[in-house]
Amino acid sequence: MLARVALGMIGALMLLVLGELTALLWAGFRDDITHSDVGIVLGSSVTAAGEPSPRLRARLDRTGELWQAGAFPVVIVSGGVEPEGWDEAAVMARYLEQRWQIPPTAILLDPTGNTTHDTACHSAVLMHQRGYRSALVISQYFHIARSRDALQRAGISDVHHAHAYFFESRDIYSTVREVVAWPVYRWRHTDACD
């Protein structure tokens, strides 16, 4: 009897995890590209030489492609300061200016976007200050669902998304981690921005 209850609980937990994984992948790979007031690209690591890592470069390249296609006129780059002292947002802005010819006037910097929650809250403030209502968030496929939820909880109701065209082996770990991180985020951040 006890073994059947334990097996039932394990089965229910596995179904829950499978459901979360399915929702995460569905959101991540099914781009929702709609003209928006701003594009928001989340930071990632910067190399020791102060250049975007391959993962971050893929996010920025997708952002540049979408900007050139007219998906949004303004880009918010959000990231923290690396241990080596590199400001991710400044590195991201420089890359978009040089590689994609996005003018500095079309780029808003959030240099304190250390977490997804921080990025969402800071982006919401930047958007509200300028009267922007809609956003298209760009990140890795496994990060889209949580990023979209964070922005909506921060008060941006019209959120669309696109994933970066990049995959590396550690994305498997990141996907598994996100299956836990996404529901934990929803549980921890019920009160939107502090």
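Heads up: the structure comes first, above all this text.
Residues numbered from 1 in each chain as written. Predicted model: local features only at pLDDT ≥ 70, side-chain atom pairs only at ≥ 80, totals over all residues. Heavy atoms only, no water.

### Looking at the overall build of the protein chain
Helix and strand counts for the protein chain come out as six helices and five strands. Starting at the N terminus, the α and β elements of the protein chain follow one another as α-β-α-β-α-β-α-β-α-β-α. Within the protein chain, the fraction of its 194 residues that count as buried is 48%. Of all intrachain contacts in the protein chain linking residues separated by at least 6 positions in sequence, the fraction that spans at least 24 positions is 77%. Here the protein chain displays about 9800 Å² of accessible surface, and carbon together with sulfur accounts for 62% of that area. (Helix = DSSP H or I, 4+ residues; strand = E, 2+ residues; numbered from the N terminus. Buried < 20%, exposed > 50% of the residue type's maximum accessible area, 1.4 Å probe, protein only. Contact = heavy atoms within 4.5 Å. Areas by Shrake-Rupley, 256 points an atom, 1.4 Å probe, with all protein chains shown as cover.)

### Focus: the packing of aromatic side chains
Summed over the entire model, instances satisfying the criterion amount to two aromatic pairs. Judged by centre distance (4.4 Å) and plane angle (15°), the ring pair of F29 and Y141 falls under stacked. Separated by 112 residues along the polypeptide, F29 in helix α1 (residues 2-29) and Y141 in the loop between β4 (134-139) and α5 (144-153) bring together distant segments of the chain. F29 sits in the partly exposed class, given a relative accessible area of 48%. An aromatic cluster is built from F29, Y141 and F142, whose rings are joined through pairwise contacts. For R99, the ring lying beneath its charged end belongs to W100, and the centroid distance is 4.4 Å. (Phe/Tyr/Trp six-rings, centres within 6.5 Å; stacked < 30°, edge-to-face > 60°. Lys NZ or Arg CZ within 6 Å of the ring centre and 35° of its normal.)

### Structural notes on the nonpolar core
Grouped together as the largest cluster of nonpolar side chains are 22 residues, with contacts concentrated most on V77 and L96. Among the elements of the structure, α2 (54-68), β2 (74-78), α3 (88-100) and β4 are those that each provide at least two residues to this core. Looking at which element gives the most residues to this core, the answer is α3, with seven residues. Those residues in contact with V77, other than ones at most four positions away along the chain, are V41, A89, M92, A93, L96, I107, L108, L109 and D110. Core analysis: the next-biggest nonpolar cluster, separate from the first, contains 18 residues, I40, L108, L126 and M127 among them. (Core = buried A, V, L, I, M, F, W, Y, C linked by side-chain atoms within 4.5 Å.)

### Looking at a nonpolar patch on the surface
On the surface, a nonpolar cluster with roughly 330 Å² of combined accessible area is contributed by F167, I172 and V176. As for its position among the elements, F167 is in the loop between β5 (158-163) and α6 (170-188). (Patch = residues over 30% accessible without salt bridge, like charges linked within 9 Å, V, L, I, M, F, W, Y side chains within 5 Å. Salt bridge = Lys/Arg side-chain N within 4 Å of Asp/Glu carboxyl O.)

### Points about the sheet that holds strand β3 (residues 107-110)
Read from one edge of the open sheet, five strands run β3-β2-β1-β4-β5, paired in parallel fashion. Two strands close off the open sheet at either side, each with one partner strand: β3 and β5. Across the sheet, the mean angle from the axis of one strand to that of its neighbour is 25°, orientation sign disregarded. Bridge count between strand β1 (residues 38-42) and β4: four bridges; the pairing is parallel. Bridging across to β4, V41 finds its partner in I138. Strands β1, β2, β4 and β5 of the sheet are contacted by α2, whose axis makes an angle of about 145° with β4. (Pairing = 2+ DSSP bridges. Axes fitted to C-alpha atoms, helices over the stretch in contact; angles between N-to-C directions.)

### Structural notes on unusual backbone geometry
Phi is positive for Q101, close to 55°, though the residue is something other than glycine. Note on placement: Q101 falls in the loop between α3 and β3. Residue classification places Q101 among the exposed positions, given a relative accessible area of 51%.

Everything listed is a geometric property; what it means functionally is a separate question.
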